[in-house]
Every structure is written in C-alpha cells, then in structure tokens.
Amino acid sequence: MSVAARVLGSRNEAEDVAQEVFLSFGRSSVPAGEAMGWLSVAAAHTALNHIRSGKRRAAREQAVRGDGVAPDIADAVAARDERAQVRAALSRLPRKQAVALVLRHSGLSYAEVAAALDLSPSSVGTTVRRAESALRKELNRHAPSE
C-alpha cells in the first residue's frame, strides 16, 4: 500500500488500489517468490492508472478550489497543488520510467526494482535518472506562468 500511497498522496485512495491489486494477485498464478515485486509493480501501475483517470481527484480539487479559501491554509493548498502537479507529470512519463522512479523512491533497492521490472540491476540507475530528468522536463513544461 505504501507504493500506492506515495503515488496517490491519499491513504483512502491507496487502500482502494491495494484492494484492487490484492484481488488481481489472488486471481493470478504469480509464484510466491515473486509476489513482493509483482505486488509493488502492480500497485504502482494501478495507482498511475487511477491518476490518469482523474475522476475522483478532479472532484476533490474542485471542492478545494471553492470560494472562500482561508488565508491561513494558503500554504497547505499550495503544497497540495504542487503534489498534484508532480503526480500529473509522473502520469505523463513512460510507464516503465514512472514505475521505476516510484519504486526506487519508495525505498526499494536497485536489485529489488530490477527484479520487479525485469531489468538488469545495472540499468536501474540509468532508468531512474532518465525518469527524474523527464519528470523535471514535464514539470517545467507544464509550470504555471506567472
């Protein structure tokens, strides 16, 4: 669930994703030795799909942007908007890069990321660096003009 929570930024939504992933796992024939990697990748993929659909997130953001936002919560709203921009930019990255970046920044080692994504351990660093670069470009390209 922690991978989904990192991607989505919402414990409630991450729980929904975790349920979906575990149901899929229950229907799969994944060997027990590969379960952890499979679950991590599936959680990242499912969470990214959830962001792409954007239905619940859009409704939540619309409610937050309603009239009368109090000045004392301005920093919280700004931080939430920044996180939303990062999540949106992450959803526009190539799938393998986005998943590698999420898994690595969720605390998985290079070896664990490599096993989960069926990459060579030596290519994980390159994939993550390319993903970080692509994420920066996406954030800069879609940065609000002031």
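Residues numbered from 1 in each chain as written. Predicted model: local features only at pLDDT ≥ 70, side-chain atom pairs only at ≥ 80, totals over all residues. Heavy atoms only, no water.

Student: Looking at this structure, how should I read the nonpolar core?
Tutor: A general tendency of soluble globular proteins is for nonpolar side chains to be buried together. If you look at the biggest cluster of nonpolar residues, it comprises 35 residues, and the most contacted ones within it are Leu90, Leu93, Val99, Leu101, Leu103, Val113 and Leu117. Where this core is concerned, the elements lending two or more residues are helix 1 (2-8), helix 2 (11-27), helix 3 (35-53), helix 5 (74-91), helix 6 (95-105), helix 7 (110-117) and helix 8 (121-141). By residue number, the principal contributor to this core is helix 3, which donates 8 residues. The residues touching Leu93, leaving out its near neighbours within four places in the chain, are Arg52, Ala98, Leu101, Ala131, Ala134, Leu135 and Glu138. (Core = buried A, V, L, I, M, F, W, Y, C linked by side-chain atoms within 4.5 Å. Buried < 20%, exposed > 50% of the residue type's maximum accessible area, 1.4 Å probe, protein only. Helix = DSSP H or I, 4+ residues; strand = E, 2+ residues; numbered from the N terminus. Contact = heavy atoms within 4.5 Å.)

Student: What's the story with helix 8 in this structure? I'm lost.
Tutor: Helix length check: helix 8, at 21 residues, gives a terminal C-alpha distance of 31 Å against a target of 30 Å (1.5 Å per residue), a fit within 8%. Contact partners of the buried residues in helix 8: helix 5, helix 6 and helix 7. (Expected span 1.5 Å × (residues − 1).)

Student: So what exactly am I meant to see when it comes to the packing of helix 3 against helix 6 here?
Tutor: When two helices pack together, their arrangement is given by the angle between the helix axes and by the axis-to-axis distance. Interaxial distance between helix 3 and helix 6 falls to 10 Å at its minimum, and their mutual angle equals 115 degrees. For the element pair helix 3 and helix 6, the recorded crossing hand is right-handed. Of helix 6, the residues touching helix 3 (which contributes Ser40, Val41, Ala44, His45, Leu48, Asn49 and Arg52) are Arg95, Ala98, Val99, Val102 and Leu103. Its residues assigned to classes, the contact of helix 3 with helix 6 comprises 7 nonpolar, 3 polar and 2 charged. (Axes fitted to C-alpha atoms, helices over the stretch in contact; angles between N-to-C directions. Left-handed = near helix turned anticlockwise from the far one by under 90°. Nonpolar A, V, L, I, M, F, W, Y, C, P; charged D, E, K, R; others polar.)

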